[in-house]
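Overview (structure and organization)
Here is what each chain is made of, one letter per residue.
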Number of protein chains: 2
Amino acid sequence: MSPTITAFAQSPDRGRGLARDMRVRWALEEVGQPYDVRLVSFAEMKEPAHRAFHPFGQIPTYEDAGLALFESGAIVLHIAERHAGLLPNEADARARAIAWMFAAVGTVEAPIIDLQTAMFMERDKPWHEERLPLIKDRIRDRLGELSRRLGDADWLDGAFSAGDLMMAHVLRRLSVSGLLDEYPNLAAYVARGEARPAYQRAFADQLAVFTAASSG
Amino acid sequence: MSPTITAFAQSPDRGRGLARDMRVRWALEEVGQPYDVRLVSFAEMKEPAHRAFHPFGQIPTYEDAGLALFESGAIVLHIAERHAGLLPNEADARARAIAWMFAAVGTVEAPIIDLQTAMFMERDKPWHEERLPLIKDRIRDRLGELSRRLGDADWLDGAFSAGDLMMAHVLRRLSVSGLLDEYPNLAAYVARGEARPAYQRAFADQLAVFTAASSG
């Protein structure tokens, strides 16, 4: 039995691979684990049947032989713990890779979510234009720190890990803002992630969902 | 050798245990692991010596026999993996407890950080008063979902776990806002966490740092 994940029936990102199912697809492709996808509509996500899997009514979820998980970071970690290829074997390096996973979804993603919230939910507010630069400067603070840490390395801590997978995807959410281009080593880091064959397969699969939904 | 963590030399929360070192102190107390604390000033946190441990110039960090970690979630998970008492032994239950850790620092904490940012960094802005209710409603969305999932259970998924430790501490950050009181089962959940002897010891220790700094 393959695990089953959930994804948007109609992704609001129009197939650009920004939704969080992309992180799980990418991880499953990296470790060579086939999987099934159950598509859910926005209405279905908020219904009790889906909330039994995801208390916050979001995607992705992950089901495998009786286990039901939510939170992309937890799902990717679960996959990484059960298959080789996403976490170092050495205990200390493994702990540091997990630290980067938490840094991605907490420290780095928080101001990025703030920007998305502003763009989608406060765009019509009188303060929108004046507040945007404040949000962007908070993102720049994080990007500057991350850029200095990465330096000219390929990945954040040795070989590619689940920490890089999570961080690269979080950073991709900045693609339309232009902010990432201010940090060439971070832009190259994300491009390095996107160039991985596993990423490409995952991207194609989520794009196919959007294309099919659009032509339906 | 005991592990060493870092904490604020002068905590901005004035000893109320809201800083993130409290999560690590609490976890170490739960598992009965003695530890040392190195206090860092705001200036020291931004210097290269500290950034070598924490790329984003924050606390807490964790050092133990050559391993240096950052991110409270990653540190608590590291402690929970090496000592009994914070994660279930059964594999699926363990994965679900970790999912709650990610939910705490990502899904639930994100809008709470937004509120803190508004209170500390946008308080003098002309939009502050009008924007506050929007932020609070986003927090209420999350609290309502969490409240429904918790129901009348003591903890989020069976016995107390690192997931509850992280979630209860994230929710404590709402204590001054009054929002938590709108969800009596969540307020009781946090109080249940605070009543644990390990929490009490951790709280007393961080308060002693503040008291000593204030009388110095």
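For clarity, every value in this text was computed on a predicted model and none was experimentally measured.

Overview of the overall build of chain A
A tally of helices and strands in chain A yields nine helices and four strands. Along chain A, helices and strands appear, N-terminal first, in the series β-α-β-α-α-β-β-α-α-α-α-α-α. Projected onto the principal axes, the alpha-carbon positions of chain A cover approximately 50 × 45 × 30 Å. Evaluated residue by residue, chain A yields a buried proportion of 56% over its 216 residues. Across chain A, contacts joining residues at least 24 apart in sequence account for 69% of those joining residues at least 6 apart.

Details of the side chain of Arg138 of chain B
Tracing the backbone shows Arg138 of chain B in helix H6 (residues 128-150). Relative accessible area serves as the criterion here: at 13%, Arg138 of chain B is assigned to the buried category. When sequence neighbours within four positions are dropped, the list of residues in contact with Arg138 of chain B reads Thr117, Met121 and Glu122 of chain A together with Pro111, Asp114 and Arg131 of chain B.

Considering the sheet that holds strand S2 (residues 36-40) of chain B
Residue and element names in this part refer to chain B. Spatially, S2-S1-S3-S4 is the arrangement adopted by the four strands of the open sheet, whose pairing is mixed. The two strands at the open ends of the sheet, each matched to only one other strand, are S2 and strand S4 (67-70). Going from strand to strand, the sheet's axes swing by 25 degrees on average, the running direction of each strand aside. Of the strand pairs in this sheet, strand S3 (residues 61-64) and S4 are connected by four bridges, and their pairing is antiparallel.

Let's talk about helix H8 (residues 184-194) of chain B
Residue and element names in this part refer to chain B. Burial in H8 covers these residues: Asn185, Leu186, Tyr189, Val190 and Gly193. On an axial view of H8, the arc spanned by its buried residues comes to 140 degrees, and they lie on one face. Contact partners of the buried residues in H8: helix H1 (21-30), H6, helix H7 (162-172) and helix H9 (197-215).

A short note on the interface of chain B and chain A
On the chain A side, the residues contacting the 51 residues of chain B number 51 residues. Across the chain B to chain A interface the summed buried area is about 4,200 Å²; carbon plus sulfur atoms make up 62%. Three residues, Phe56, Phe102 and Trp127 of chain B, lead the burial of chain B against chain A; their summed loss comes to 18% of the area buried on that side. In this assembly, chain B and chain A are joined by ten salt bridges. Between Glu122 of chain B and Arg131 of chain A there is a salt bridge; the shortest N-O distance is 2.8 Å.

Overview of the sheet that holds strand S4 (residues 67-70) of chain A
Residue and element names in this part refer to chain A. Strands sit in the order S2-S1-S3-S4 across an open sheet of four strands; the sheet is mixed. A strand with exactly one partner marks an edge of an open sheet, and here the two such strands are strand S2 (36-40) and S4. On average, each strand axis in the sheet is tilted by 25 degrees relative to the strand beside it, whichever way the strands run. Packed onto the sheet, helix H4 (residues 72-82) meets strand S3 (61-64) and S4 and runs at close to 130 degrees relative to S4.

A closer look at helix H7 (residues 162-172) of chain A
Residues and elements named next belong to chain A. Of all the eleven residues making up H7, eleven are buried; the element is thus mostly covered by neighbouring parts of the structure. Considered for burial, the residues of H7 that qualify are Ala162, Gly163, Asp164, Leu165, Met166, Met167, Ala168, His169, Val170, Leu171 and Arg172. On its buried face, H7 sits against helix H1 (21-30), H4, helix H5 (91-121), helix H6 (128-150), helix H8 (184-194) and helix H9 (197-215). Structurally, the start of H7 carries an N-cap: the backbone nitrogen of Gly163 is 2.9 Å from a side-chain oxygen of Ser161.

Things to note about the confidence of the model for chain A
Regions with low pLDDT carry predicted coordinates that are not meant to be interpreted in detail. With 100% of its residues at a pLDDT of at least 70, chain A reaches an overall mean of 96. For this predicted complex, the interface score ipTM comes out at 0.97, while the overall pTM is 0.97.

Details of the nonpolar core
Ranked by size, the top nonpolar core spans 122 residues in total, and within it Met167, Leu171 and Tyr189 of chain A together with Met167, Leu171 and Tyr189 of chain B carry the most contacts. When sequence neighbours within four positions are dropped, the list of residues in contact with Tyr189 of chain B reads Leu150, Asp154, Trp155, Leu156, Gly163, Asp164, Met167, Ala168 and Leu171 of chain B.

Considerations on the packing of aromatic side chains
All told, the structure shown has 19 aromatic pairs over all chains when counted by the stated rule. Judged by centre distance (5.0 Å) and plane angle (75 degrees), the ring pair of Phe70 of chain A and Trp100 of chain B falls under edge-to-face. Remark: Trp100 of chain B occurs in helix H5 (residues 91-121) and Phe70 of chain A occurs in strand S4; the pair is interchain, linking two chains. One aromatic cluster in this structure is built from Trp26, Trp155, Phe160, Tyr189, Tyr199 and Phe203 of chain A. Its guanidinium or amino end placed over the ring of Phe160 of chain B, Arg196 of chain B lies 3.6 Å from that ring's centre, counting from NZ or CZ.

A closer look at unusual backbone geometry
Of note, the amide linkage connecting Ile59 of chain A to Pro60 of chain A takes the cis form, showing an omega dihedral of 0 degrees. Along the chain, Pro60 of chain A falls in the loop between helix H3 (48-51) and S3. In the Ramachandran plot, Glu71 of chain B falls in the positive-phi region, its phi being about 75 degrees despite a non-glycine side chain. Inspection of the secondary structure puts Glu71 of chain B in the loop between S4 and helix H4 (72-82). Judged by its relative accessible area of 10%, Glu71 of chain B falls in the buried class.

Let's talk about the pairing of S2 of chain B
Residue and element names in this part refer to chain B. Pairing analysis gives five bridges linking strand S1 (residues 4-8) to S2, with the strands arranged parallel. Opposite Phe8, over in S2, you have Val40 as the bridge partner. For the segment spanning S1, H1 and S2, crossover handedness is right-handed.

Some thoughts on the pattern of salt bridges
All names here are of chain A. One pass over the structure, following the stated rule, counts 46 salt bridges over all chains. Residues Arg131 and Asp114 are paired through a salt bridge, measuring 3.5 Å at the closest nitrogen-oxygen approach. Here Asp114 lies in helix H5 and Arg131 lies in helix H6, a separation of 17 residues in the sequence. Like Asp114, Arg131 is buried.

Parameters at a glance
- Residues numbered from 1 in each chain as written.
- Chains lettered and ligands numbered in written order.
- Predicted model: local features only at pLDDT ≥ 70, side-chain atom pairs only at ≥ 80, totals over all residues.
- Heavy atoms only, no water.
- Helix = DSSP H or I, 4+ residues; strand = E, 2+ residues; numbered from the N terminus.
- Buried < 20%, exposed > 50% of the residue type's maximum accessible area, 1.4 Å probe, protein only.
- Contact = heavy atoms within 4.5 Å.
- Pairing = 2+ DSSP bridges.
- Axes fitted to C-alpha atoms, helices over the stretch in contact; angles between N-to-C directions.
- Arc of directions from axis to C-beta.
- Buried area = accessible area lost by both parts, 1.4 Å probe.
- Salt bridge = Lys/Arg side-chain N within 4 Å of Asp/Glu carboxyl O.
- Polar contact = N/O pair within 3.5 Å; in protein donor to acceptor, adjacent residues only side chain to side chain.
- pLDDT = per-residue confidence, 0-100.
- Core = buried A, V, L, I, M, F, W, Y, C linked by side-chain atoms within 4.5 Å.
- Phe/Tyr/Trp six-rings, centres within 6.5 Å; stacked < 30°, edge-to-face > 60°.
- Lys NZ or Arg CZ within 6 Å of the ring centre and 35° of its normal.
- Right-handed = clockwise from strand over helix to strand, strands pointing away.

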